[in-house]
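# A structural walkthrough
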Amino acid sequence: MTEERQPQIQIKNIAKLYGDHHVQALADISLEIYRGEFVALMGASGCGKSTLLNIIGGIDRPTGGQVIFGNSELNKMTDEQLTRLRASKIGFVFQFFNLLSTLTVRENIALPLELLGKENRAAVRKRVDDMLEHVNMSKRADFYPALLSGGELQRTAIARALIHNPELILADEPTGNLDTENGLAILQLLHSINHEQKLTIVMATHSPEAASYAQRIFQIKDGHLVGESTECPDT
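All of the points below concern the structure found in this document. (Residues numbered from 1 in each chain as written. Predicted model: local features only at pLDDT ≥ 70, side-chain atom pairs only at ≥ 80, totals over all residues. Heavy atoms only, no water.)

## Quick word on the sheet that holds strand 9 (residues 216–221)
The pairing of strands in a sheet comes from backbone hydrogen bonds and takes either a parallel or an antiparallel form. Basically, it comes down to this: The rule for pairing is simple: two strands pair if DSSP sees at least two bridges between them. In DSSP terms, a helix is any run of H or I states spanning at least four residues, a strand is any run of E spanning at least two, and both are numbered starting from the N terminus. Helix axes use the C-alpha atoms of the stretch in contact, all axes being lines fitted to C-alpha atoms, and the angles between their N-to-C directions lie in the range 0 to 180 degrees. Two residues qualify as a contact provided that any one of their heavy atoms is within 4.5 Å of a heavy atom in the partner residue.
Read from one edge to the other, the open sheet built from six strands follows the order 6-7-8-3-9-10, with strand pairing classed as mixed. Taken across any chain shown, the strands that pair with only one partner, and hence form the sheet edges, are strand 6 (90–93) and strand 10 (224–229). Looking at each pair of strands side by side, their axes are set apart by 20° on average, direction ignored. Two strands pair when backbone bridges link them, and strand 7 (residues 168–172) and strand 8 (residues 200–205) are joined in this way by five bridges, in the parallel orientation. Following the sheet pairing, Ala171 is matched in strand 8 by Met203. Docked against the sheet, helix 2 (residues 79–89) engages strand 6 and strand 7, running at close to 80° with respect to strand 6.

Structure below.
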């Protein structure tokens, strides 16, 4: 008898309201994500996909419903517990990179390890050097963000998201601020990471081309989950 596969992430009837007028960002969204999947949350700007991504990552809290990550129910966790969860198990990749301008590429990538404080300086440097090579940024290790191209900035951000060996990568419009060539390179890098490391990736995107790299696509419109597919829609 085959053992039933358990989802890594369970999203149950999630709703999100904002402000005194209770503006609805998300309404009764339920879905499951399995370990090692590359999933896209696809929809137009303002549809709620980034809000859902932030709720999955414990950055934002839902108004109603449940988010279960592994054995942890995020709704019941304190802010401190959520911070520890993000620091140890989740890597974030943002559209606008969110690198610290006063730190070099090497220092930005090392930052999550420095904050965790679990490894000595030599171990941190070795891991960062390996990651720099993995994302083809070794020659830019001592550059500051202001001297990097958009593609180099995003490769640095991906390296920072991976450096602490997370269980989940959340990518919010990772190609939205890049030209076509660099955007394609970033999508190929994410695909490679997912394929080779079996690392779960959840990506929010409005781009059909970006969504085509995912194994499953959840379509979101006006805060509602309106479809699920394994092939990217044309619109």
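## Here we look at the layout of surface pockets
Here the idea is plain: a probe the size of a water molecule rolls over the atoms and shows the empty space left. What counts is decided by this rule: Within this scheme a cavity is a closed region of a 1 Å grid, computed over the protein atoms alone, that accommodates a 1.4 Å probe without allowing it to escape, whereas a pocket is open but has protein on both sides within 12 Å along at least five of seven lines; lining residues each have an atom within 4 Å of a point. Grid points are joined across faces, edges and corners, and a volume is the space filled by probe spheres set on the points.
Its volume calculated, the largest pocket comes out at about 370 Å³. What lines the largest pocket is a set of 17 residues, and nearest its centre among them are Ala87, Phe92, Pro112, Leu115 and Arg160. Examining the composition of the lining of the largest pocket, we find that four residues originate from one element, helix 3 (residues 105–116), more than from any other.

## Thoughts on helix 6 (residues 180–197)
Every α-helix winds through 3.6 residues per turn, so residues three or four apart in the chain are directed the same way. Keep this limit in mind: A helix is expected to span 1.5 Å multiplied by its residue count minus one. Note on classification: 1.4 Å probe, protein chains only; a residue is buried when its accessible area is under 20% of the maximum for its type, exposed when over 50%, partly exposed between these limits. Throughout, the arc means the angular range of directions from the helix axis out to the C-beta atoms.
For helix 6, spanning 18 residues, the distance from its first C-alpha to its last is 25 Å, which sits close to the expected 26 Å at 1.5 Å a residue. Those residues of helix 6 lying buried are Gly183, Ile186, Leu187, Leu189, Leu190, Ile193 and Asn194. The buried side chains of helix 6 occupy one side of the element, clustering within an arc of 155° when seen end-on. For helix 6, the exposed residues lying more than 90 degrees away from the buried face are Thr180, Glu181, His195 and Glu196. On the buried face of helix 6, the contacting elements are strand 3 (38–42), helix 4 (121–134), helix 5 (150–162), strand 8 and helix 7 (208–211). Looking one or two residues past helix 6, Lys198 carries a phi angle of roughly 55°, positive in sign.

## Focus: the packing of helix 5 against helix 6
Let me state the cut-off plainly: The labels follow the angle: roughly parallel below 35 degrees, roughly antiparallel above 145, roughly perpendicular from 65 to 115, and oblique for the rest. In this scheme the handedness of a crossing depends on how the near helix is turned from the far one: anticlockwise by less than a right angle means left-handed, clockwise means right-handed.
Closest axis-to-axis distance for the helix 5/helix 6 pair is 9 Å, and the angle between their directions is 20°. With respect to each other, helix 5 and helix 6 are oriented roughly parallel. Helix 6 is crossed by helix 5, and the crossing has right-handed handedness. Contacts between helix 5 and helix 6 involve Gly151, Gln154, Arg155, Ile158 and Leu162 from the former and Asn182, Ile186, Leu189, Leu190, Ile193 and Gln197 from the latter.

## Structural notes on the sheet that holds strand 2 (residues 23–33)
If you walk across this open sheet you meet the four strands as 2-1-4-5, and the pairing is antiparallel. At either margin of the open sheet sits one strand with a lone partner, and together these are strand 2 and strand 5 (72–73). Pairing between strand 4 (residues 64–69) and strand 5: two bridges, direction antiparallel. Residue Ile68 lies in a different strand from strand 5, and its bridge partner there is Glu73. Docked against the sheet, helix 1 (residues 49–56) engages strand 1 (9–18), strand 2 and strand 4, running at close to 120° with respect to strand 1.

## Here we look at the pattern of salt bridges
Here is the rule we go by: Definition used for salt bridges: Asp or Glu carboxyl oxygen within 4 Å of a side-chain nitrogen of Lys or Arg.
All told, the structure shown has twelve salt bridges when counted by the stated rule. Lys16 is the salt-bridge partner of Asp60, the closest N and O atoms lying 3.2 Å from each other. Of the two residues, Asp60 sits in the loop between helix 1 and strand 4 while Lys16 sits in strand 1, which places them 44 residues apart along the sequence. According to the relative accessible area criterion, Lys16 is buried, its value standing at 9%.

Honestly, it's all geometry; don't read function into it.
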